[in-house]
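# A structural walkthrough
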Amino acid sequence: MCALSLFLVNCGSSSSRPSGLLYVLTQGSNGTGNAVSSFAIDLNSGTLSLINSNASTCATAGTCGLPLDIVLDPTGAAAFVLNQGIPCVQGGNCVSPCGTPCVSIPPTIYPYKVNSDGSLSAPGTPTVLSRPFSASDTQDDADLALAMVRDATGQFLFVINKGTNPPPASCLNDPLPTSNFDACPSISVFKISGTSLTLAGGSALHPGNPLHLSRIPNALSAVMVSSPSEELLFVTSNKDLSNNHNDNTLSVYGVGSDGTLTEKIGSPYATPTINPSSVFAVNTNLAPQNNNGGVFVYVGAAGNASGALDAFQVCTVVVGGVCNQTDLDNATLLPVGTSPTSTGQNPVGIVVDPTNSFLYVVCEGTSQVFGYRIFSTTGVLTAQNPTNLQTGSQPVALAIHSSGKFLYTSNSGSSNISAFTLSTTSGSMNSLSTVISPPGPSGMAAR
């Protein structure tokens, strides 16, 4: 029975559960309305039907900060929501900008179980991100969470924090914080077990702690490679805290079996276009469709005016004069020949279809979604026809259903969701419908 129902969310679950699901975070207004909206996806048409918007992103409403990202585990049985944190909670006899008795609330990750109807349970016990804080934190200088992704196997969650401004000088040498006023930019790695998270990773010097950075991260993506067999994590940054001032970069980390992160020799790499804002790593070696592909990394960057996609290829095969064994061990990055590729303004999100053949980019500045075909052997991108379609106002996230037939964007400016149909053979897009959402839609995930 399960094998015959290709799009069932979870074999053995209640028959009331929709076969397609979309979850959308909403940031509300004036500090209220932070929730998760659950939608059923009609797999014949791609249209959405609201299940409910009852799942709060915080156990106590208004005390966790803005919800940023939502990810599902591979089975679709659990979800995790990243909350930004709050730099300064005003009240009582607070003094400006944030003094005693004001407090700063750290970022959190809340777990959820997926109910039989596809909605989410009440939030479980949160995981609090390790971050020291100061009573003088403000919105501009506080250490807040930025983004979260899950690896393909569902083993790890990766979270980036921006650190305080200015950061401690000691961040440049990856020490642990020494006081409540230290908060380095960081990457936290959490091991997933059901709906439980355990802080793992760190560096070889400080295992089991966040990895502290000398650059402020703003986006991340993980991918598995087979030669050598390893998981890689890619992190973009647009501000270097060291005296080198390499502000627009892509960093590469090897992920150990225990979650330990090791930056590769040669990292970071300069991005051809300034102000990177999104990143997605793709392995086009998908059997049985293709065994002659490669591993490519696409960086969405805002540029000076129009946006661009910078493309890199990871050395995974020894090729004379191009990649040697040392390059393979270091996951050396090479520029893809035709990069950068033009796209819309401020490309804030990237996804690929299930076959890793088509890439889609949502651009907040132009309120558009762009589609591209990926040449599996070279990583070169070619624009689809049509090249782009209009979304609602200020889209900030996008999600693709596992069938590869439907794409959705979360439009924060117009508080709605744009739906698109996709051709599974050509990757071309068609506008489908617009669905009203609660105020301030942000991160989203589909299954």
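Residues numbered from 1 in each chain as written. Predicted model: local features only at pLDDT ≥ 70, side-chain atom pairs only at ≥ 80, totals over all residues. Heavy atoms only, no water.

### What to know about the overall build of the chain
Across its full length, the chain holds one helix and 33 strands. Long-range contacts, defined here as pairs at least 24 residues apart, represent 54% of the contacts in the chain between residues at least 6 apart. Accessible area for the chain stands at about 17,800 Å²; split by element, carbon and sulfur atoms hold 52% of it. (Helix = DSSP H or I, 4+ residues; strand = E, 2+ residues; numbered from the N terminus. Contact = heavy atoms within 4.5 Å. Areas by Shrake-Rupley, 256 points an atom, 1.4 Å probe, with all protein chains shown as cover.)

### Some words on the sheet that holds strand β25 (residues 347-352)
The strand order across the open sheet formed by four strands is β25-β26-β27-β28, and the pairing between neighbours is antiparallel. Each having just a single partner strand, β25 and β28 (381-390) make up the two edges of the open sheet. The mean inter-strand angle of the sheet, taken between neighbouring strand axes irrespective of direction, is 20°. Examined bridge by bridge, β25 and strand β26 (residues 358-363) share five bridges and lie antiparallel to one another. (Pairing = 2+ DSSP bridges. Axes fitted to C-alpha atoms, helices over the stretch in contact; angles between N-to-C directions.)

### Here we look at a nonpolar patch on the surface
A contiguous nonpolar patch, built from Val-317, Val-319 and Val-322 and spanning about 240 Å² of accessible area, is present on the exposed surface. Structurally, Val-319 is set in the loop between β22 (307-314) and α1 (325-329). (Patch = residues over 30% accessible without salt bridge, like charges linked within 9 Å, V, L, I, M, F, W, Y side chains within 5 Å. Salt bridge = Lys/Arg side-chain N within 4 Å of Asp/Glu carboxyl O.)

### A closer look at the nonpolar core
Counting residues in each nonpolar core, the largest one holds 17 residues, and the members touching the most others are Phe-234, Leu-250, Val-297, Val-314 and Leu-333. Where this core is concerned, the elements lending two or more residues are β15 (215-226), β16 (229-240), β17 (249-255), β20 (276-283), β21 (295-301) and β22. Ignoring any residue separated from it by four or fewer positions in sequence, one finds Leu-333 in contact with Phe-234, Leu-250, Val-252, Tyr-269, Phe-312, Gln-313 and Val-314. (Core = buried A, V, L, I, M, F, W, Y, C linked by side-chain atoms within 4.5 Å. Buried < 20%, exposed > 50% of the residue type's maximum accessible area, 1.4 Å probe, protein only.)

### Let's talk about the side chain of Ser-188
Tracing the backbone shows Ser-188 in strand β12 (residues 186-193). Overall, Ser-188 belongs to the buried group, its relative accessible area being 3%. Not counting chain neighbours up to four residues away, the residues in contact with Ser-188 comprise Leu-157, Phe-158, Val-159, Leu-199 and Pro-210.

### Quick word on unusual backbone geometry
A cis amide bond links Ser-267 with the next residue in sequence, Pro-268, at an omega value of 5°. Its place among the elements puts Pro-268 in the loop between β18 (261-263) and β19 (269-270). Geometrically, the link from Ser-339 to Pro-340 is a cis peptide bond, its omega value of 0° lying close to zero. Mapped onto the fold, Pro-340 is located in the loop between β23 (333-335) and β24 (341-343).

### A word on the environment of Asp-327
Structurally, Asp-327 is set in helix α1. Using a relative accessible area of 18% as the deciding quantity, one classes Asp-327 as buried. Taking the C-alpha atoms as reference, Asp-327 lies 9.4 Å from Gly-266; in sequence the two are 61 residues apart. Setting aside residues up to four positions removed in sequence, Asp-327 forms contacts with Cys-315, Val-322 and Thr-332.

### A look at the sheet that holds strand β33 (residues 441-446)
The sheet built from four strands is open, its strands ordered β3-β2-β1-β33 with antiparallel pairing. Lying at the two open borders of the sheet, with one neighbouring strand each, are β3 (48-56) and β33. Strand-to-strand, the axes of this sheet are offset by a mean angle of 20°, without reference to chain direction.

### Notes on the state of the cysteines
Chemically, a disulfide is nothing more than a covalent bond linking the sulfur atoms of two cysteines. Counting across every chain of the model gives two disulfides. Disulfide partner of Cys-58: Cys-64, at an S-S distance of 1.9 Å. On the sign convention where negative means left-handed, the S-S torsion of about 60° between Cys-58 and Cys-64 marks this disulfide as right-handed. Shown here is the disulfide that connects Cys-315 with Cys-323, its sulfur atoms set 2.0 Å apart. Linking Cys-315 and Cys-323, the disulfide has an S-S dihedral of approximately -65° and is accordingly described as left-handed. On the basis of relative accessible area, Cys-323 is assigned to the buried category, the value being 7%. (Disulfide = S-S within 2.5 Å.)

### Concerning the pairing of β33
Summarising burial for β33: six of the six residues are buried, a large majority. In this structure, strand β1 (residues 21-26) lies alongside β33, joined through four bridges in antiparallel fashion. In the strand pairing of β33, Leu-22 is matched with Ala-446.

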